[in-house]
Amino acid sequence: MQAISGNLDNAVFNFLQKTAPAKIVFLGANICILICVPFRIMGNVQVEEALLVFSLPGSWIFFLFFARSAKLTGPFVQMIYSMIAGDMIRFAIISAIFLVSFSQVFYFLGKDMHAKQELDPLNPDYCEVKGYDIFTYSSFLETFITLFRASMGGYDYEEFSCANYEVLTKILFVLYMFIMPIMLINILIAMMGNTYTTVIAQAEKAWRQQVNNFLTI
């Protein structure tokens, strides 16, 4: 039994090592397309379209599997795999910790922004931001998405004047912007640069390995 279990583990590992992620994503895309059939019969258009949205890019990603065998693109495909499997996962874990923690803080600081817009202009807590309703911090999920968008450079600074503690909110936002877009993203760029240097230095070897994996599958 141990031998069978060991052989099964080796087979799964070899499959993942040689085919992931292109063929696995393509397999998932095919499964999504097959699942669309019963939903088409039941007339559930929303679920069907959602599955097709995931299956379409997954089908195109399969071209990376064939690009591995070309000397021109093989090392770069290996580079993408290495960055996703190593650099991006580490970055996602660390950034998620900061995003979740700051999202909780900004949610409690900004959840009353829209309510302050509805107050009487003579009220000292009245929010003077006009032209649109502020719902960017109305829930934890909205706050999470707002902070993620802010880390990419998209934010409305004037909304902080409607926060419960305006000065504290602005200080925390400056701290968040220093940690996420400046520090963590630059660390990610540095890690990707290191991965690029490593893969390019072994480009010929990496390409021959990809060709061998392509031919042995």
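Residues numbered from 1 in each chain as written. Predicted model: local features only at pLDDT ≥ 70, side-chain atom pairs only at ≥ 80, totals over all residues. Heavy atoms only, no water.

Novice: Run through the UniProt feature "transmembrane region" (unreviewed entry) in the protein, naming residues and quoting values.
Specialist: Under the UniProt annotation, the feature "transmembrane region" (unreviewed entry) is placed at residues 20-39, 51-68, 88-109 and 171-192. For residues 88-109, the helix share is 100%, the strand share is 0%, and the end-to-end C-alpha distance is 30 Å. For residues 171-192, the end-to-end C-alpha separation is 31 Å, with 100% helix and 0% strand making up the annotated structure. (UniProt positions renumbered as here; feature names shortened; annotations may be inferred. Helix = DSSP H or I, 4+ residues; strand = E, 2+ residues; numbered from the N terminus.)

Novice: Tell me about helix H3 (residues 45-61), and please be specific about residues and values.
Specialist: For H3, which comprises 17 residues, the first-to-last C-alpha distance of 25 Å matches the rise-based estimate of 24 Å (1.5 Å per residue) to within 8%. Every buried residue of H3 is accounted for by Glu48, Leu51, Ser55 and Gly58. Down the axis, H3 shows its buried residues gathered within 95° of arc, on one side only. Exposed and oriented more than 90 degrees from the buried face of H3 are Gln46, Val53, Leu56 and Trp60. (Expected span 1.5 Å × (residues − 1). Buried < 20%, exposed > 50% of the residue type's maximum accessible area, 1.4 Å probe, protein only. Arc of directions from axis to C-beta.)

Novice: I'd like a description of the environment of Leu109, backed by residues and values.
Specialist: Along the chain, Leu109 turns up in helix H5 (residues 74-110). A residue is classified by how much of its surface remains accessible, and Leu109, at 7% relative accessible area, is buried. Between the alpha carbons of Leu109 and Phe160 there is a distance of 9.1 Å; along the sequence they are 51 residues apart. In this view, Leu109 contacts Ala163, Asn164, Tyr165, Leu168, Thr169 and Leu172; residues no more than four positions away in its chain are not counted. (Contact = heavy atoms within 4.5 Å.)

Novice: Residue-level account of the confidence of the model for the protein, with values.
Specialist: Mean pLDDT over the protein stands at 76; residues scoring 70 or higher make up 78%. Element-level mean pLDDT values for the protein span from 52 in helix H1 (residues 2-19) up to 86 in helix H7 (residues 140-151). (pLDDT = per-residue confidence, 0-100.)

Novice: Go over the state of the cysteines, please, and point to the residues and values.
Specialist: As enumerated under the stated definition, the model contains zero disulfides in all. Cys32 takes part in no disulfide bond, and the closest cysteine sulfur, belonging to Cys36, lies 7.0 Å away. On the accessibility criterion, Cys32 (17% relative accessible area) is buried. (Disulfide = S-S within 2.5 Å.)

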